[in-house]
Structure formats: C-alpha cells, structure tokens
Amino acid sequence: MHGQCGLFFRTYAGEARIFPSRFLMVSMGLFGTALCLAPLAMNNYLVSILCLINIAVIGAVSLNLLTGFCGQISLGHGAFFGVGAYAAAYLASLGLPFLAVLPAAGLVTAAVGMFFGLPSLRLKGIYLAIATLAAQLILEYVFLHWDAVTGGSSGMAVDPPQVFGFAFDSDVKMFYLTLAVACVCVLIVCNVMRTRLGRAFVAIRDHHLSAEIVGVDLFAYKLRAFGISSFLAGVGGALWAFYTMYITPEQFGIGLSVSYLAMIIIGGLGSVLGGVFGAVFITILPEFLNFLAHHAGAFFTDISGALLAMKEGVFGLVLVLFLIFEPEGLANRWRLVKAYWKLYPFAH
Amino acid sequence: MAFLDVTDVTLTFRGLAALTGVGFSVEKGDIVSLIGPNGAGKTSMLNCISGRYVPDSGSISLGGADLLAVPSHARTKLGLSRTFQNIALFRGLSVLDNLMVGRHARMDYGILASILYLGRARRAEDAHRRRVEDVIDFLGLSPYRHQAAGKLPYGVQKRVELGRALAAESDLILLDEPMAGMNLEETEDMARYILDINEEWGMSVLLVEHDMGVVMDISDKVVVLDFGRVLAEGSPQEVMADADVVAAYLGGDDGVFLGR
Ligand SMILES: Nc1ncnc2c1ncn2[C@@H]1O[C@H](COP(=O)(O)OP(=O)(O)OP(=O)(O)O)[C@@H](O)[C@H]1O
Ligand SMILES: [Mg+2]
C-alpha cells in the first residue's frame, strides 16, 4: 500500500481552497466544534472575553487587508470602527432591523473610509499615516460634537439585536452571533486574497510601478482596499455597539487604532491568520495580566496593587519583546512549528 | 501606419533633453532593438511608451490607438507589456501569483465575484491559471512556482519578470536589458526565449540591450539612439555599416561591443 507523501493537487481549484487538505478541514472542524461548545462550560466573564475576541478579529483582519496586504498604513481604523458603531446605533434607533443595520453600518463606514482614503493617491508611508491620523482626530471630533446623531459626550444606548424575533440578550447568545459574523468577515478577506483583487493589493504594496504596468489602476484599487477594509471595520463596530449596548466617543480613540495596528504587527502583517492570532493575543493579554496580578496578590498581599499599576507597562514590554524576538509575527511562528512537526522526527 | 509608431517624441527633465524628436516604428511580428550608449535615452523611450513618463511633445500609437491619450494602467489593455531594467517583481508574491497578476488586465470579474468567490471568479481563476502554467512550463519556472519571488536568484528573477510580461499575452512586449548581469549560458537562454516569444507566442518585441552579439543576431531592425536622438535605423547590416554609428558608438574604444 502506498501512502501519500506531502500534498498533491489534481485540480488548480483544489489548490486554491482555504483548507487545502482533509487533515486541515477535519482539524478546523474539530476546533470549530470545540469553540461552539466552549461557552457552555464557561462563566460569563470568560464568554465576554470570547465575544471581544470575535469583534477584535473583525477589526484586525480588516486592517490587515488595508495595511498588511495593500501597504496603506492607517492610524484611523479605530475611528472607522467607531463610525460603524455610531451608524449602527443611529440606524437601530430609527427602528431598522439588525440584519439591515449591520450591512448598512458597513456601507456608511466604507463611504467614510474611502473619503479619508483619497489622500493615499498622493501620500505614502509615514505621510499617509499622518493623513489617516487626521481622519482619526476629525472623526473623534464629530463623534463628540454632532450631538443630534451621536449623542455627544453622553453617548448612545443601543438595544440588544433581534433577528426574526429572537433577542441576543446574553453573553452566550452574543458569542454565537459575533462568531458567525467574524467567520463571514474572515471568509470575505480570504476570498479577496485568492482572487485578482487581492493580488492587485499585494502588487501595489510590493511595487506600485509594476502594478501599474500590469494594468492595475492604483487609485481605484487603493480606494477599493480602503472601502472593503472600512466596510468590515464598520460591521465590527456595529457588533461592538450591539454588544456593549452603550457607546461613547472615547471608546474609539487613537488607542483603539494603535491596538489594531499592534494586533496585525504581532500577529503577522499580510496574513489573514496573523490578524486572527493578533486579535486573540492582544485581547487576552491584559486579562491575563489582571489574572496574574490578582492571584499574585493572594501570596504577596502588598504586591497586588503594584502589579496592577504596572500592568500597562508590562503590556508595553510584552509588545516590545514580541517585536524583537518574533518580528515576522505569530502567523509565521505557527507556520514554522507546523513545518517542524510535519518532518518530525526527521527534522534536523 | 506601423504597428508601433513613435513620431517626433521630445522629453525633457527640467530643461535637460533626454529625448529630442525621436521617431521610429515597429512592424507587427518584428523584433526591433533599441541600442545606444549609457544615458542615450533608451529607458526613457520605453517609459514614454509604457506611460511612466509623459513626453513634452510628439505622438505614440499602438495598433492605431493613441497611447498618450490613455493612462499608464490602461495601456495594458491596448496590448502592451514590459519588463524593467532593474528587477521590479512583487517580492512578497509567489512566482505563480506574480504571473497571475501579469494577467490582471485580462480578467474581468468584479469585486462582488471576488468577495463571494462565486462561480465566475472560480472559473476565471482556473482558466487563467492554465495559461500561466503554460508560461511556467515555457520558461522552466516550475521548481519555483510556490516560492516568494523576492528570495530567488537574480537570473531566475529576470526570467520571472519576463514571465509576468509574457503572461499578459500582449501584442507588443518591451524588454529593458533582459540579459544584463547574466552569464553566457543564461544570455543564450534568454535570446532563445525572446525568439520563441516572437515566433510561437506571436508577440512583437522592442528590445533594449547592450549585448551587440545578441542584438545583431536576433533583430529584424535596429534603432540607434545617441544623446536622445535617433542616429540610425535599419537592418542590423545597414546599421553596422552606417558611418555615423561606427564613429559615434560601435567604432573607437567601444569596438568590443561588436563581438562577444
Ligand atoms: N527621472 C529622471 N529625472 C531626471 N533625469 C532623468 C530621469 N530619467 C532619465 N533621466 C536622464 O535622461 C537621460 C537618459 O536616461 P536613460 O535612463 O533613458 O538612459 P539609458 O539609455 O536607458 O541608459 P542605460 O544604458 O544606462 O540604461 C540620462 O541623462 C538621465 O540622467
Ligand atoms: Mg536604461
């Protein structure tokens, strides 16, 4: 009997699949099942972290599309996320059903994102970063001062989403909803990246002159990258609004933009999986530090307070250490580990 | 009107003329070489054709269509592709994807088909992949198919870049010094590829190259540029016999150019 050694593809379409091997499909299936069952064995606090992860995955993967794949750095992603949240809150307050609010919030955000993406025609790298930073500040200002729509500094309350009369009014229910939406968003990015659209994005990132020569309209495609990325960010923001049920301008500050950037850098620029890993990592890290500080307190009573105070510093330190020791991101480490086990025990 | 028709093209950089009243033509199915000393304006001429530079005056047409009237990215659709003097690959993409991007202008499914990966996108990807595999076979790139282009050896990268331009299946391919930095064997391979591209793939070629042996061997016509002006235009034999050319370029200390 002959076993297969390595992966063989009989069709080109087989090679283009997201999970190219049966092994991967089965293991992803098992992982998905475990994930779906997990909330049943968890307390509300842990489930709420899972919800936050699902939402962060949408934000990180969408930013990775724009920055990691298309090379257009954005310091305004947090504000775009906020546009989605406010659009959703406003549209929901008008009585629109959740299933309409979600894509509508995405479309509004796409329009805003494309508008603020206009400078990318002329600006690159650090200059574009500053232009998107301006977008961030302008949008924050709008959140704070357009009282009629955003409620100004007092913010907006949002009711839990309802789909065909079923209300998602608990953390567990919201977990399934956010998970489903996150999966769809990740699938969209995967699809984009295996077609001409995604290849054009990477072409623009890697060599914009050559991209033009092969027929990519730089401006149109950069705007598309901004549009799709902001659409997804808007959907993520909408989910956030429905999940937290109360939004205020400071939730969508520059800090959020930076943490999305941190997610994709730590997870791996230009990798869909990297966005997911980064979102998980950056969401869990502060909770983990909390947990540590809390439990260390049981042994050394006086240390707990100091540890809590140092949390922010430790958070920054972990990020810096990551950049130094894992500059290619978690997705790359994952790839290396997989490659190692594939050859185990014959690896050198 | 000739297939590629360059008429009276002038290009200046802040008052310094890189091209002055340049005119020449490429007939369909020909291999035409553009030669001249360093700084003669060869790359500038290709840039004018491909849209990187906009000439101050003059006209350029391809297959009867006015090239200067359309932006650079739209010229691909009119049947133009090119390679660069310095390697300009998409370093992060695999060889396969580099060639697939080469076919960008030939694919026409839209954003929605991309996002949903609908039947249309799937079928198109499959069909274009087949054409790209032909290019991969032709250029012997199959061992590198899934490797990131930026990590390959120089000679292979040059071939991948040729492959990307070839994948576009354009009518006219512009090659800017495809043999630069190659050893004798690689140079001969490259010359073979250019002849095959011309004969089997039916593409007209405008070649910029310093290796006179190759140029005189494979060209149907040679255009000599010097200080941004056309010095001579004609068959390889005519050009080699031209007194101006011999004096200005081929003769004197540069005589070594004639042999290999
Ligand atoms: N972007 C630019 N700005 C200013 N001057 C330029 C520019 N591009 C080309 N030139 C000038 O135009 C002239 C022609 O340059 P070009 O690169 O076309 O020469 P070439 O014939 O391709 O030379 P080589 O054989 O070295 O590649 C040179 O004097 C060069 O300095
Ligand atoms: Mg040159």
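Rules of the game
- Residues numbered from 1 in each chain as written.
- Chains lettered and ligands numbered in written order.
- Predicted model: local features only at pLDDT ≥ 70, side-chain atom pairs only at ≥ 80, totals over all residues.
- Heavy atoms only, no water.
- Helix = DSSP H or I, 4+ residues; strand = E, 2+ residues; numbered from the N terminus.
- Near = heavy atom within 4 Å.
- Polar contact = N/O pair within 3.5 Å; in protein donor to acceptor, adjacent residues only side chain to side chain.
- Areas by Shrake-Rupley, 256 points an atom, 1.4 Å probe, with all protein chains shown as cover.
- Nonpolar A, V, L, I, M, F, W, Y, C, P; charged D, E, K, R; others polar.
- Donors = N, O, S within 2.8 Å, 3.2 Å for Na, K, Ca; no water.
- Pairing = 2+ DSSP bridges.
- Axes fitted to C-alpha atoms, helices over the stretch in contact; angles between N-to-C directions.
- Contact = heavy atoms within 4.5 Å.
- Domains from an automatic or database assignment.
- Buried area = accessible area lost by both parts, 1.4 Å probe.
- Salt bridge = Lys/Arg side-chain N within 4 Å of Asp/Glu carboxyl O.
- Parallel < 35°, antiparallel > 145°, perpendicular 65-115°, else oblique.
- Left-handed = near helix turned anticlockwise from the far one by under 90°.

Peer 1: Let's hear about the environment of Gly125 of chain A: which residues, and what values?
Peer 2: Examined against the element boundaries, Gly125 of chain A turns out to sit in helix H6 (residues 125-145). For the pair Gly125 of chain A and Ala262 of chain A, spaced 137 residues apart in sequence, the C-alpha to C-alpha distance is 17 Å.

Peer 1: Provide a residue-level description of the site of ligand 1, including the pertinent values.
Peer 2: Residue and element names in this part refer to chain B. Near ligand 1 lie 14 residues; those nearest to it are Asn38, Lys42, Thr43, Ser44 and Gln85. One nitrogen or oxygen atom from the side chain of Asn38 is found 2.9 Å from an oxygen atom belonging to ligand 1. At 3.0 Å from an oxygen atom of ligand 1 is found a main-chain nitrogen or oxygen belonging to Gly41. When ligand 1 is considered free in solution it has 630 Å² of accessible area, and contact with the protein chains removes 61% of it. With three residues, the top contributor of residues to the shell around ligand 1 is helix H1 (residues 42-50). Among the residues forming the shell around ligand 1, the class breakdown is five nonpolar, seven polar and two charged.

Peer 1: I'd like to hear about the coordination of the magnesium ion (ligand 2), residue by residue, with values.
Peer 2: Each protein donor to the magnesium ion (ligand 2) is listed here as Thr43 of chain B (OG1) and Gln85 of chain B (OE1); together their distances run 1.9 to 2.2 Å. A residue pair is termed long-range when its members are at least 10 positions apart, and Thr43 of chain B in helix H1 and Gln85 of chain B in the loop between strand E6 (80-82) and helix H3 (95-102) qualify at 42 residues.

Peer 1: Hey, could you go over the sheet that holds strand E10 (residues 229-234) of chain B for me, with residue numbers and the actual values?
Peer 2: Residue and element names in this part refer to chain B. Reading across from one edge, E6-E7-E8-E3-E9-E10 is the order of the six strands in this open sheet, with mixed pairing throughout. One side of each edge strand has no neighbouring strand; the edge strands of this open sheet are E6 and E10. Strand-to-strand, the axes of this sheet are offset by a mean angle of 15 degrees, without reference to chain direction. Relative to E10, strand E9 (residues 221-226) runs antiparallel, the two sharing five bridges. Each residue of the ladder has a partner; that of Leu225, found in E10, is Val230. Relative to the sheet, H1 contacts strand E3 (31-35), E6, strand E7 (172-176), strand E8 (204-208) and E9, its axis offset from that of E7 by approximately 150 degrees. Its contacts with the sheet place helix H6 (residues 154-167) against E6 and E7, and it is angled at close to 160 degrees to E7.

Peer 1: Give me the domain arrangement of chain B: which residues, what numbers.
Peer 2: Residue and element names in this part refer to chain B. Here the domain parsing of chain B yields domain 1 (1-79 + 170-260) and domain 2 (89-167). For domain 1 and domain 2, the distance between their C-alpha centres works out to 27 Å. With 18 residues of domain 1 in contact, the opposing surface of domain 2 contributes 13 residues. Here domain 1 meets domain 2 over a buried area of about 1,300 Å², counting both sides, of which 73% is carbon and sulfur. Run the count over domain 1 and domain 2 and you get zero salt bridges. If you look at where domain 1 meets domain 2, you find three residue pairs in polar contact (both at pLDDT 80 or more). Of all the secondary-structure elements, those providing two or more residues to the side of domain 1 that touches domain 2 are E7 and helix H7 (184-199).

Peer 1: How would you sum up the packing of helix H4 (residues 77-93) of chain A against helix H11 (residues 218-244) of chain A? Please name residues and give values.
Peer 2: All names here are of chain A. Interhelical geometry of H4 versus H11 gives an angle of 55 degrees and a closest axis separation of 6 Å. Taken together, the axes of H4 and H11 lie oblique to each other. Judged by the twist between their axes, the crossing of H4 over H11 is right-handed. Contact residues: H4 offers His77, Phe80, Phe81, Gly84, Ala85, Ala88 and Ala92, while H11 offers Ser229, Ser230, Ala233, Gly234, Gly236, Gly237, Ala238, Trp240, Ala241 and Phe242. Of the residues assigned to the contact of H4 with H11, the class counts are 10 nonpolar, seven polar and no charged.

Peer 1: Outline the interface of chain A and chain B, supporting the account with residue identities and numerical values.
Peer 2: With 30 residues of chain A in contact, the opposing surface of chain B contributes 35 residues. Summed over both partners, the interface of chain A with chain B buries about 3,000 Å², with 62% contributed by carbon and sulfur atoms. Three residues, Tyr12, Arg196 and Arg199 of chain A, lead the burial of chain A against chain B; their summed loss comes to 27% of the area buried on that side. Joining chain A to chain B, the criterion identifies one salt bridge. The shortest N-O distance in the salt bridge between Glu125 of chain B and Arg199 of chain A comes to 3.0 Å. Taken together, the links from chain A to chain B amount to 14 residue pairs in polar contact (both at pLDDT 80 or more). Counting only elements with at least two residues in the side of chain A that touches chain B, the list comes to helix H1 (12-15), helix H8 (171-193), helix H9 (196-206), helix H10 (208-213) and H11 of chain A. With eight residues, the top contributor of residues to the side of chain A that touches chain B is H9 of chain A.

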